[in-house]
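Read off the chains here:
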Amino acid sequence: MANLYIGLVHYPIMNKHKEVITTAITNYDIHDIARASITYDVSKYFVIHNIPAQRELVRTIMEHWKSGFGSTYNPDRKDAFTGVELVNSIAVAVRTIEDIEGIKPIVATTDARTYDNTISYARMREHLENEGRPVLVLFGTGYGMTKETMESFDYILEPIYGHGEYNHLSVRSAVSIILDRLRGEAWWNK
């Protein structure tokens, strides 16, 4: 089975006016995605942020749960942070995986639209189950990553569609759904 890595990207991100911005760290995103990552056996969860002060905030949050009061108050949450790594760019995350695995990962991302290189969850799951090349799935914050950044990836995972017309999930909800589709129990075979 191929190793699965994920990354939460805060730059380069689009705002609702289609301007390139850096989004702020959100405590819930760091914490909840760390918990989902360990639940679904993600090899490493990268928090990707280009601003040093924001990375310092992430370190403070993680230390609270890893060695501060939070580590004794709720030891399960301490475990969730064992696979979290803070980096300053997507390129550093990719190089880190290359160093670990000895091969460049397949890089995929998510979007609410389809592209020429859109891949189904079934096909990506099949790759993870049957191939050896690691996969890095990147999740954008704000209104998503820039078009130029998206075009540099190998694949775009198909959109998540709910039953209704509204389609604007929080990133931590999307991560949980996608991790379940890629690494969850094959409930449809029961």
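The structure we're discussing is the one just above.
Thresholds, definitions, all that
Residues numbered from 1 in each chain as written. Predicted model: local features only at pLDDT ≥ 70, side-chain atom pairs only at ≥ 80, totals over all residues. Heavy atoms only, no water. Helix = DSSP H or I, 4+ residues; strand = E, 2+ residues; numbered from the N terminus. Expected span 1.5 Å × (residues − 1). Buried < 20%, exposed > 50% of the residue type's maximum accessible area, 1.4 Å probe, protein only. Arc of directions from axis to C-beta. Contact = heavy atoms within 4.5 Å. Pairing = 2+ DSSP bridges. Salt bridge = Lys/Arg side-chain N within 4 Å of Asp/Glu carboxyl O. Phe/Tyr/Trp six-rings, centres within 6.5 Å; stacked < 30°, edge-to-face > 60°. Lys NZ or Arg CZ within 6 Å of the ring centre and 35° of its normal.

(A) Helix α2 (residues 52–66), seen in detail. Under the 1.5 Å per step criterion, the end-to-end length of α2 is 20 Å for 15 residues, consistent within 8% with the ideal 21 Å. Listing the buried residues of α2 in full gives Gln54, Arg55, Val58, Ile61, Met62 and Trp65. The buried residues of α2 occupy an angular sector of 120° when the element is viewed end-on, so they sit on one face. Of the residues in α2, the exposed ones pointing more than 90 degrees away from the buried face are Pro52 and Ala53. Residues of α2 that are buried in the fold lie against α1 (27–39), β4 (44–48), α3 (69–73), α4 (75–80) and β5 (84–87).

(B) Representation of the pairing of strand β1 (residues 4–9) in the model. Among the six residues that make up β1, six are buried, leaving the element largely enclosed by the rest of the structure. Alternating residues of β1 divide into Leu4, Ile6 and Leu8 and Tyr5, Gly7 and Val9, and every residue in both groups is buried. By the bridge criterion, six bridges tie β1 to strand β8 (residues 135–140) in an arrangement that is parallel. Of the residues in β8, the one forming a bridge with isoleucine 6 is valine 137. Where β1 meets β4, five bridges bridge the pair, whose relative direction is parallel. By the bridge assignment, tyrosine 5 is partnered in β4 with lysine 44.

(C) Region of the structure containing the pattern of salt bridges. For the structure shown, the criterion picks out 10 salt bridges. Arginine 172 is the partner of aspartate 32 in a salt bridge, and the nearest nitrogen-oxygen pair spans 3.6 Å. Here arginine 172 lies in helix α8 (residues 171–183) and aspartate 32 lies in helix α1, a separation of 140 residues in the sequence. Taking the shortest distance from any N to any O, the salt bridge between glutamate 126 and arginine 123 comes out at 3.3 Å. Taken together, the residues span about one helical turn, with glutamate 126 and arginine 123 both in helix α6 (residues 121–130) at a distance of three residues. With relative accessibility at 43%, the residue glutamate 126 sits in the partly exposed group.

(D) Examining the packing of aromatic side chains more closely. Under the definition given, this model contains three aromatic pairs. Consider the rings of tyrosine 5 and phenylalanine 46, whose centres lie 6.4 Å apart with planes at 25°: the pair is stacked. Highlighted residues: tyrosine 5 in strand β1 and phenylalanine 46 in strand β4, separated in sequence by 41 residues. As far as burial versus exposure is concerned, tyrosine 5 and phenylalanine 46 are alike and both buried. On the numbers, 5.5 Å between centres and 25° between planes, the contact of phenylalanine 69 with tyrosine 73 is stacked. Of this pair, phenylalanine 69 and tyrosine 73 both sit in helix α3, four residues apart, roughly one helical turn. The ring of tyrosine 121 is capped by arginine 181, whose NZ or CZ atom sits 4.8 Å from the centre of that ring.

Take it as geometry only, folks, not as evidence of what the structure does.
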